[in-house]
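# Reading the structure
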Amino acid sequence: MPLADPVDPRSLPFEETLTTLKSLVPLPLQKPRVGIVCGSGLHTLAAAMRNVVEIKYDVLPGFGKSTGAV
């Protein structure tokens, strides 16, 4: 497998992002029936749900820091 280009975040292997997500999501929630990715305009949607796991983009390999207002 070729090494990721440290300059271009799109070159990171998808598996690396999945591994990071698995380490951040509790085991019982790793096989969800529904997953929702909310933009800054829908961040309050999580308050109406159970078993919510919020993961900031900037902790995921290859994702940048979100610049949306909260």
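Scope of this entry: the structure provided in the associated data block. (Residues numbered from 1 in each chain as written. Predicted model: local features only at pLDDT ≥ 70, side-chain atom pairs only at ≥ 80, totals over all residues. Heavy atoms only, no water.)

### What to know about the overall build of the protein chain
- A tally of regular secondary structure across the protein chain gives one helix and zero strands.
- Residues classed as buried in the protein chain amount to 9% of the 70 residues present.
- Sequence-distant contacts, at least 24 apart, represent 55% of the contacts inside the protein chain between residues at least 6 apart.
- Roughly 6,300 Å² of accessible area belongs to the protein chain as shown, and the carbon and sulfur atoms make up 60% of that amount. (Helix = DSSP H or I, 4+ residues; strand = E, 2+ residues; numbered from the N terminus. Buried < 20%, exposed > 50% of the residue type's maximum accessible area, 1.4 Å probe, protein only. Contact = heavy atoms within 4.5 Å. Areas by Shrake-Rupley, 256 points an atom, 1.4 Å probe, with all protein chains shown as cover.)

### Digging into the side chain of T17
- Checked against the element boundaries, T17 lands in helix α1 (residues 14-24).
- Once residues lying within four places of it in the same chain are set aside, the contact partners of T17 are L60, P61 and F63.

### Some details on a nonpolar patch on the surface
- Taken together, the side chains of V34, I36, L42, L45, M49 and V52 define a hydrophobic patch exposed on the protein surface, amounting to about 520 Å² of accessible area.
- Note on placement: L45 falls in the segment after α1. (Patch = residues over 30% accessible without salt bridge, like charges linked within 9 Å, V, L, I, M, F, W, Y side chains within 5 Å. Salt bridge = Lys/Arg side-chain N within 4 Å of Asp/Glu carboxyl O.)

### A word on the environment of T17
- With a relative accessible area of 8%, T17 lands in the buried category.
- Taking the C-alpha atoms as reference points, T17 and F63, 46 residues apart in sequence, are found 8.9 Å from one another.

### Let's talk about the environment of L60
- For L60, the location among the structural elements is in the segment after α1.
- What makes L60 buried here is its relative accessible area of 8%.
- Distance from L60 to L24, taken between C-alpha atoms, is 9.8 Å for residues 36 residues apart in sequence.

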